[in-house]
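# Report on the structure
So the chains spell out like this:
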Amino acid sequence: MTLVPRPVSFAAGEGTVEHGVVETLFVDGPPQGYRLTVSPGGTVIEASDEAGEFYAYQTIRQLIGPDAFRVASIDRTPTMLPVCTIEDYPRFPWRGCMIDVARHFVPKHDLLRYVDLLSVHKLNVLHLHLTDDQGWRFEVKRYPKLTSVGGWRSSSRYGDRRSGGRTGRPHGGFYTQDDLREIFEYARQRHVLVIPEIDVPGHSQAAIAAYPALGVHGGDVWTDWGVNERVLNTEESTVDFYRNVFDELIDVFPSEVIGIGGDEAPGHDGSFVRQIAQHLVRRGRRPYGWDEIVAAGPLPAGTIVASWRGISGGVTAARDGHDVVMCPEEFVYLDYRQSSREDEPIPVGTVTTVEDVYGWEPMPASLTGAEPGRVLGAQANLWTEHLDSPRRLDYAAFPRLAAFAEVVWSPREKDPGFLDRLAAHHLPRLDALGVEYRPLAGPLPWQTMPGVPGFPR
Ligand code: TNX
């Protein structure tokens, strides 16, 4: 992956023309870039690659308006495009979104819908957090109890873990290997790379519930949230077990990059993470872990670090010669509350408004020389402890994910007109897509969750 510096230029022409046949030419240019020319003579896409052509089509949809985002057009008038030339290409090659399908399972249909939503926003990485204390979502043929036992829990904490509430309702689900191959392929066709993550050696209680020999204290699939003390043991047999699990994972996912987690593992010294990372490298893949793995070093060359506890993990990793993805919780944790209003559901984390996300600059200012080239890009993270349905996912994700998409695609300079464009042009597109986003004025009455306690920071 190489980074591209870039300006976008937009030259408006005279009037509008009827939308007709679009011609594509492949030309040399920046990765994923395109030039779109709409003129009375027709519409031409000059694309650097297939992703660039795909993004040009997304831009044509934007030019047409909300009707182009419905699954069937309802506009009986001729579709008009403004005469214009647009030269466009992304600032960062990694424009991601992580979805935690472990805390609350996201059914396949809804996950495919998210692939569509990411691709509309020209986002190109879907990081799937497939396992955690509360559920294991990846079918492993060799160890069927990972899903038959680890895929289900008896109840869930309702709201913050410091509150007493419980749902009392069992929860679960998992994807078969064929489901995941299908999701990968569907996403690939939309220029979204699915990167799977199996989290080790912390956040592993669901696996321990299925195979108690992996742990120290046994226990059920966890029904609480937070950092779990019951981590994997360091036996050679446990490392072997996970080598086999990762072998099945890489058989399903052609992605070069494979997530190994590595976060919040009380008592672990890094050797477990290093052994799994080395195993993936031997298999020709690049390990990808949360910034705790920086302290687990020395990590194999090619390891990628996700900087979530602020930017320091990313800065250190970049200086150590690793590629990094920025996702500091302060700016891009989309599970965090969107306002300080009393009725903001469910009030966890710090306040992260759509303006906060749009105002964020992903490149750490302290990187110098060749170091900024190590920053592949950024991702927004959707942790789902408190997002137990696609409607709740929509509310948390949008419109902040639209702001994020613009941050990772567009030049560093911010556009003071962003919020106006969002309200006038983008929210109507999300309406046409059927996305139940958070209105800029605050939650709709049925989007509030009275009585479900959070833990505002
Ligand atoms: C921290 S970010 C976690 C997750 C939680 C999240 C809640 C990271 C690597 N670990 O396990 O879901 O906070 O915001």
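Position labels on residues start from 1 in each chain and follow its written sequence. At least 70 in pLDDT is required for a residue's local features to be given in this predicted model, at least 80 for side-chain atom pairs to be given and counted, and no such filter applies to totals for whole chains, interfaces and linings, which use all residues. Note that the side-chain values use all heavy atoms of the structure and ignore hydrogens as well as water.

## Some thoughts on the overall build of the chain
Note the threshold: Strands here are runs of E lasting at least two residues and helices are runs of H or I lasting at least four, both read from the DSSP assignment and numbered beginning at the N terminus. Between the two quantities, the radius of gyration covers C-alpha atoms and the globule rule is 2.2 Å times the number of residues to the power 0.38. Categorising residues by exposure relies on relative accessible area from a 1.4 Å probe, with only protein chains included: less than 20% of the type maximum marks a residue as buried, more than 50% marks it as exposed, and the intermediate range marks it as partly exposed. Contacts: residue pairs with any heavy atoms within 4.5 Å of one another.
Scanning the chain from N- to C-terminus turns up 13 helices and 19 strands. Here the chain has a C-alpha radius of gyration of 22 Å; the compact-globule value for 457 residues is 23 Å, and the two agree. Classification of the 457 residues of the chain by burial places 57% in the buried group. When contacts within the chain are restricted to residue pairs at least 6 apart in sequence, long-range pairs at least 24 apart make up 71% of them.

## Some remarks on the nonpolar core
The following threshold applies: Working definition of a nonpolar core: buried Ala, Val, Leu, Ile, Met, Phe, Trp, Tyr and Cys residues. They are joined through side-chain atoms within 4.5 Å.
Ranked by internal contacts, the top residues of the largest apolar core, which has 110 residues, are Trp136, Leu146, Tyr242 and Phe404. For Phe404, the contacting residues outside a window of four places in its chain are Gly96, Leu123, Val332, Val357, Trp360, Ala378, Gln379 and Ala380. Residues Ile45, Ala47, Ile60 and Ile86 belong to the second largest nonpolar core, which totals 17 residues.

## Here we look at the domain arrangement of the chain
Here is the rule we go by: Domain ranges listed in this record stem from an automatic or a database domain assignment. Values labelled buried area give the accessible surface lost by two parts on being combined, using a 1.4 Å probe and summing over both. For salt bridges, the criterion is a side-chain nitrogen of Lys or Arg within 4 Å of an Asp or Glu carboxyl oxygen. Here a polar contact means two N or O atoms within 3.5 Å. Within protein one must be a hydrogen donor candidate and the other an acceptor candidate, and residues neighboring in sequence count only if both atoms are side-chain atoms. The classification used treats Ala, Val, Leu, Ile, Met, Phe, Trp, Tyr, Cys and Pro as nonpolar, Asp, Glu, Lys and Arg as charged, and all other residues, Gly among them, as polar.
Split into domains, the chain comes out as domain 1 (9–88) and domain 2 (94–456). The straight-line distance from the C-alpha centre of domain 1 to that of domain 2 is 33 Å. The junction of domain 1 with domain 2 conceals about 1,300 Å² of combined surface from both sides, 59% of it contributed by carbon and sulfur atoms. When the area that domain 1 buries against domain 2 is broken down by residue, the three leading residues are Phe54, Tyr55 and Phe69, summing to 44%. Our enumeration of links across domain 1 and domain 2 arrives at 0 salt bridges. The interface formed by domain 1 and domain 2 contains 5 residue pairs in polar contact (both at pLDDT 80 or more). At 8 residues, helix H1 (residues 50–64) tops the list of elements feeding residues into the side of domain 1 that touches domain 2. Taken together, the residues of the side of domain 1 that touches domain 2 sort by class into 6 nonpolar, 4 polar and 4 charged.

## Some details on the side chain of Asn244
Its location among the elements puts Asn244 in helix H6 (residues 236–252). A polar contact of 2.9 Å, which involves the side chain of Asn244, links it to the side chain of Tyr143. If we skip the residues at most four places from it in the chain, Asn244 touches Arg142 and Tyr143.

## Here's the deal with the environment of Asp224
Examined against the element boundaries, Asp224 turns out to sit in the loop between helix H5 (205–210) and H6. Judged by relative accessible area, Asp224 falls into the buried class, the value being 15%. Residues Asp224 and Pro328, spaced 104 residues apart in sequence, show a C-alpha to C-alpha distance of 24 Å. Aside from chain neighbours lying at most four places away, what touches Asp224 is Gln134, Arg157, Arg161 and Arg166. At a separation of 3.0 Å, a polar atom in the side chain of Asp224 contacts the side chain of Arg157.

## Digging into H6
Quick note on the threshold: Here the expected length of a helix is defined as 1.5 Å per residue gap, with one fewer gap than residues.
With 17 residues, H6 should cover 24 Å at 1.5 Å per step; its first-to-last C-alpha distance of 25 Å lies within 8% of that length. H6 sits mainly inside the fold: 12 of its 17 residues count as buried. Among the residues of H6, Thr238, Val239, Phe241, Tyr242, Arg243, Asn244, Val245, Phe246, Glu248, Leu249, Ile250 and Val252 are the ones counted as buried.

## Brief notes about the side chain of His129
Inspection of the secondary structure puts His129 in strand S7 (residues 125–129). Residue His129 is classed as buried on the basis of its relative accessible area of 0%. A polar side-chain atom of His129 sits 3.2 Å from the main-chain carbonyl oxygen of Thr131. When residues no more than four places from it in sequence are discounted, the contact partners of His129 are Met98, Ile99, Asp100, Val101, Ala102, Glu197, Asp199 and Trp383.

## Thoughts on helix H4 (residues 177–189)
With 13 residues, H4 ought to run about 18 Å at 1.5 Å a step, and its terminal C-alpha atoms sit 19 Å apart, in line with that. The inward-facing, buried residues of H4 abut helix H2 (108–120), S7, strand S12 (193–200) and H6. His191 sits one or two residues past H4 and shows a positive phi near 60°.

## Considerations on the pattern of salt bridges
The full count for this structure, using the stated rule, is 30 salt bridges. Here Arg283 makes a salt bridge to Asp247, at a shortest N to O gap of 2.9 Å. Of the two residues, Arg283 sits in the loop between helix H7 (271–282) and strand S14 (286–290) while Asp247 sits in helix H6, which places them 36 residues apart along the sequence. Salt-bridge contacts for Glu344 lead to Arg438; the nearest nitrogen and oxygen are separated by 2.8 Å. Of this pair, Glu344 sits in the loop between helix H9 (329–332) and strand S17 (348–349) while Arg438 sits in the loop between helix H13 (418–433) and strand S19 (455–456), and the two are 94 residues apart along the sequence. Just as Glu344 is buried, Arg438 falls in that class too. Among the charged side chains, a network of salt bridges with common partners joins Asp100, Arg103, Asp132 and Glu385.

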